Amino acid sequence: MTPVVMGPAFWTATAIFILSYVVIISEKIHKTVVAIAGASLMLVLGILAQREAFHVPELGVDWNVIFLLISMMVIINILRPTGAFEYIAIRSAKWGKGSPIRILIIFNLVTAVISALLNNITTILLIAPVVIFIADALEVDPLPYLISCALASNIGGTATLIGDPPNIMIASKAELTFMDFIYNLTPVIVVVMAAYILAIKLIWGKRLVTRDELKARIMAMDESEAIKDPALLKKSLVVLALVLIGFVLHGALHLQPATVALAGASLLLLLSGTRDPQPALSEVEWSTIFFFIGLFIIIGGVVKVGLISWMSVKALELTRGSLFATSMVLMWFSAFASAFIDNIPYVATMNPLVVDMARQLWPGLSGAQQLHQPGLMPVWWSLALGACLGGNGTAIGASANVIVVGMSEKMGRRITFGRFMIYGMPLMVMTVAISTVYVWLRYYVFMI
Amino acid sequence: MKAGNLMVPLQEYLEPGMTLKEASNILRRAKRGEERHGAKGLPVLDVSGNMVGFLSIRDILKAVFPSYMTLMDMGDFTWEGMVEDLARKAGGRTVSELMTSKVISVSVDAPLMECIDHMLKNHVNKLPVLGHDGGVAGILYEKDVFLAITRLLDGDTGGGG
């Protein structure tokens, strides 16, 4: 361990870091602008050299995360106009036979599954309008559908490496594979989802009623009309399937997830026969991408000056070096932190902190050997579960929540911060509690 | 030729507090010259006569068009009675909620080419024309611009302007 020198560089970097996070939380300036500005300051003031920010993995931009996000977004941008999502939504509503509560449950399950495979923001952007449409057809309140689908997308996204940005970041930092997430997180998410479905049935089941003639509206819809481009749809689904197979095998093939996703995106661009790739590329959420880039550089600055190291020493002192205590505290701390602040900057900060803990605990080891110590694994999973599920606590905790709140405001139905929290917070506490029991039983009692 | 030469002087207008029902009645029976032709849109003026917006037929179509329909291609799945339900609900909404508040306008001295430029680039077919005092003096209609052009095609040198 090199001792932390609290000199001018340390304080400058710490000030930039704290100031950036405070302004991001205050929402006075757009978070992407703040992140890029903070990153520029780290570079201009010489805390971080440009070479370190761009080319040193421990200090700078994690290109694995960036290219995984961009590539998946490109694939979705090509898939979106085919009408696949409208098709799935109408099909689901008909499968629910027009019953409001059955449709609510089916939409939640579909949202969770799609969110596990694609990113949450896209999933909710595509599902939410159809959900309101179906609620309108049934003349029932759309808010239970909107709120629950946002929650379901966050739960579903927790299940896989590619489901939620925190998982993508954790996987890259901790060198975990897609299958590691399937073995360790998917089982608990299945249990969490079952409990969640039961809970929403209890909350909304009695209140959602409709008349038979309105159910007929749903049954009269012909979902096959939704498919606008069957040829492109087939190609997109084939590529998506290949990408998923690639993710399953990426560990065995020694390919990074970003390599798999980039190959998929390029294959789909080739197959789509497009003459102009600009639309598919320009619809990438560049604001999100640059938010990540900015954050990585800001964090790189405070890693370099030793702030994160100092924090990890304090954290281990707090839990007296017990990894069980660390894991449990981290899960609940992450959950409440992510409920109120964006979980992306939160995980960006916690990732190097956990890496530093590993360095303190196993100084003789390095690389995956150090990061994959059996004692450390539950800490990674607790971070992932806490940060992803915690987003459900409030209306601002996750991007999906922000999107449904914005959408319902546009149609004249404001979801207040309090109204969202009445549902979100207890459900979040329930899901994190189940995860706590899971981590405790699996890694500390049965140790499997 | 300038906007002021071709515009139809302002005869009627809407107020921000009117309901959609009141406003659509005015639109339906609006005068143009001496006859009641109805209007496809009218400026919205506040009590001191300043233009605060413009309400056109398109804004009224939008009033019954749910916002989620713009986000997804759901046009194939609508049901009988959907517009009727939404129209009944929209009747009580106010002009200020539904009007377009960023209005493209021209001054009475604006050259005709400037007016055409606004119409083509902003996809509008009428422009409120502002007088020297800043108040709305009239409306310039696409149709009148078209008639002016056809007169030029016929060899008229446009003596009036």
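(A) Layout of the overall build of chain B. Looking only at helices and strands, one finds eight helices and eight strands in chain B. Overall, chain B is about 55 × 40 × 30 Å in size when its C-alpha atoms are taken along their principal axes. Within chain B, the fraction of its 161 residues that count as buried is 22%. A fraction of 60% describes how many contacts in chain B between residues 6 or more apart in sequence connect residues 24 or more apart.

(B) A look at the overall build of chain A. Helix and strand content of chain A: 23 helices and zero strands. A compact globule built from 448 residues should have a C-alpha radius of gyration of about 22 Å, and chain A, at 22 Å, falls within 12% of that. Principal axes of the C-alpha set define a box for chain A whose edges measure 75 × 50 × 45 Å. Residues classed as buried in chain A amount to 52% of the 448 residues present. Within chain A, residue pairs in contact and separated by at least 24 positions form 81% of the contacts whose partners lie at least 6 positions apart.

(C) Just helix H14 (residues 257-272) of chain A, in detail. Residues and elements named next belong to chain A. Between its first and last C-alpha atoms H14 spans 22 Å; for 16 residues at 1.5 Å apiece the expected length is 22 Å, and the two agree. Those residues of H14 lying buried are Pro257, Ala258, Val260, Ala261, Gly264, Ala265 and Leu268. With its buried residues spanning 160° around the axis, H14 presents them on a single face. Summarising the contacts, the buried residues of H14 are in contact with helix H4 (63-79), helix H9 (165-174), helix H10 (178-184) and helix H13 (230-253).

(D) Quick peek at the interface of chain B and chain A. Each partner contributes to the interface: chain B provides 10 residues, whereas chain A provides 16 residues. Taken together, the residues of the side of chain B that touches chain A break down into seven nonpolar, one polar and two charged.

(E) Highlighting the packing of helix H17 (residues 307-318) of chain A against helix H19 (residues 343-361) of chain A. Residues and elements named next belong to chain A. Interaxial distance between H17 and H19 falls to 9 Å at its minimum, and their mutual angle equals 65°. Between H17 and H19, the angle is such that the two are roughly perpendicular. In this structure, the crossing between H17 and H19 has a hand that is right-handed. In contact with Ile308, Ser309, Met311, Ser312, Val313, Ala315 and Leu316 of H17, H19 contributes Pro352, Leu353, Asp356, Met357 and Gln360. By residue class, the composition of the contact of H17 with H19 is eight nonpolar, three polar and one charged.

(F) The arrangement of the environment of A:Met328 in detail. Within the secondary structure, A:Met328 is located in helix H18 (residues 323-340). Along the backbone, A:Met328 and A:Val437 are 109 residues apart, and their C-alpha atoms lie at a distance of 9.8 Å.

(G) View of the nonpolar core. Ranked by size, the top nonpolar core spans 156 residues in total, and within it A:Ile75 and A:Val131 carry the most contacts. Considering each element in turn, this core owes the most residues, 13 residues, to helix H7 (residues 120-137) of chain A. Counting 14 residues, the second-largest nonpolar core is a separate cluster that includes B:Leu6, B:Cys115, B:Ile139 and B:Val145.

(H) Highlighting helix H1 (residues 8-26) of chain A. Residue and element names in this part refer to chain A. Across its 19 residues, H1 extends 27 Å between first and last C-alpha, which sits within 8% of the 27 Å expected from 1.5 Å per residue. Of the positions making up H1, those classed as buried are Ala13, Ile16, Phe17, Ser20, Tyr21 and Ile24. Angularly, the buried residues of H1 cover 120° about the axis, an arc narrow enough to put them on a single face. Turned more than 90 degrees off the buried face of H1, the exposed positions are Pro8, Trp11, Ala15, Ile18, Val22 and Ser26. Following H1 by one or two positions, Glu27 adopts a phi angle in the positive range, close to 60°.

(I) Seen up close, the environment of A:Val248. Residues and elements named next belong to chain A. Looking at the secondary structure, you find Val248 in helix H13. The exposure class assigned to Val248 is partly exposed, which follows from the 15 C-beta atoms found within 10 Å. Each C-alpha atom of the pair Val248 and Phe178 lies 6.0 Å from the other, and the pair is 70 residues apart in sequence. With residues up to four places along the chain from it excluded, the contact list for Val248 reads Phe178 and Met179.

(J) Region of the structure containing the packing of H4(A) against helix H16 (residues 286-305) of chain A. Residues and elements named next belong to chain A. It is the contact of H4 with H16, at a shortest axis distance of 10 Å, that shows an interaxial angle of 175°. Overall, the two elements H4 and H16 adopt an arrangement that is roughly antiparallel. In contact with Val65, Ile66, Leu69 and Ile70 of H4, H16 contributes Ile289, Phe292 and Ile293. Residue composition of the contact of H4 with H16, by class: seven nonpolar, no polar and no charged.

(K) Spatial organisation of the pairing of strand E5 (residues 51-56) of chain B. Residue and element names in this part refer to chain B. The pairing of strand E4 (residues 41-45) with E5 spans five bridges and is antiparallel. Paired with Leu42 across the two strands is Leu55, which belongs to E5. What sits between E4 and E5 in their antiparallel hairpin is a turn of five residues, with Gly49 showing a positive phi close to 85°.

(L) Looking closely at the pairing of strand E7 (residues 126-130) of chain B. Residues and elements named next belong to chain B. Of all five residues in E7, five are buried; the element is thus mostly enclosed. By the alternation rule, side chains of E7 split into Lys126, Pro128 and Leu130 and Leu127 and Val129, which are all buried. Relative to E7, strand E6 (residues 106-107) runs parallel, the two being bridged by two bridges. Paired with Val106 across the two strands is Val129, which belongs to E7. In this structure, E7 lies alongside strand E8 (residues 136-141), joined through five bridges in antiparallel fashion. What sits directly across from Lys126, in E8, is Tyr141.

(M) Broad picture of the environment of B:Glu12. Residues and elements named next belong to chain B. Looking at where Glu12 falls in the secondary structure, it is placed in the loop between strand E1 (8-9) and helix H2 (20-29). With 13 C-beta atoms counted inside 10 Å, the residue Glu12 sits in the partly exposed group. The residues contacting Glu12, other than those within four sequence positions of it, are Ile26, Ala30, Lys31 and Leu42.

(N) Representation of the confidence of the model for chain B within the structure. When the pLDDT values of chain B are averaged, the result is 87; 94% of them are 70 or greater. In the model output, the complex is listed with pTM 0.86 alongside ipTM 0.73.

(O) Summary view of the sheet that holds E1(B). Residues and elements named next belong to chain B. In spatial order, the strands read E1-E8-E7-E6; together these four strands make up an open sheet with mixed pairing. The open sheet has two free edges, formed respectively by E1 and E6, since each of these has just one partner strand. Relative to E8, helix H8 (residues 142-153) is tilted by about 60°, and along the sheet it contacts E7 and E8.

(P) Representation of unusual backbone geometry. Even without a glycine there, the phi angle at A:Glu175 is positive, about 55°. The residue A:Glu175 is located in the loop between H9 and H10 in this model.

The rules behind the values
- Residues numbered from 1 in each chain as written.
- Chains lettered and ligands numbered in written order.
- Predicted model: local features only at pLDDT ≥ 70, side-chain atom pairs only at ≥ 80, totals over all residues.
- Helix = DSSP H or I, 4+ residues; strand = E, 2+ residues; numbered from the N terminus.
- Buried ≥ 20, exposed ≤ 12 C-beta atoms within 10 Å, placed from the backbone.
- Contact = placed C-beta atoms within 7 Å.
- Rg over C-alpha atoms; globule rule 2.2 N^0.38 Å.
- Expected span 1.5 Å × (residues − 1).
- Arc of directions from axis to C-beta.
- Nonpolar A, V, L, I, M, F, W, Y, C, P; charged D, E, K, R; others polar.
- Axes fitted to C-alpha atoms, helices over the stretch in contact; angles between N-to-C directions.
- Parallel < 35°, antiparallel > 145°, perpendicular 65-115°, else oblique.
- Left-handed = near helix turned anticlockwise from the far one by under 90°.
- Core = buried A, V, L, I, M, F, W, Y, C linked by C-beta atoms within 7 Å.
- Pairing = 2+ DSSP bridges.
- pLDDT = per-residue confidence, 0-100.

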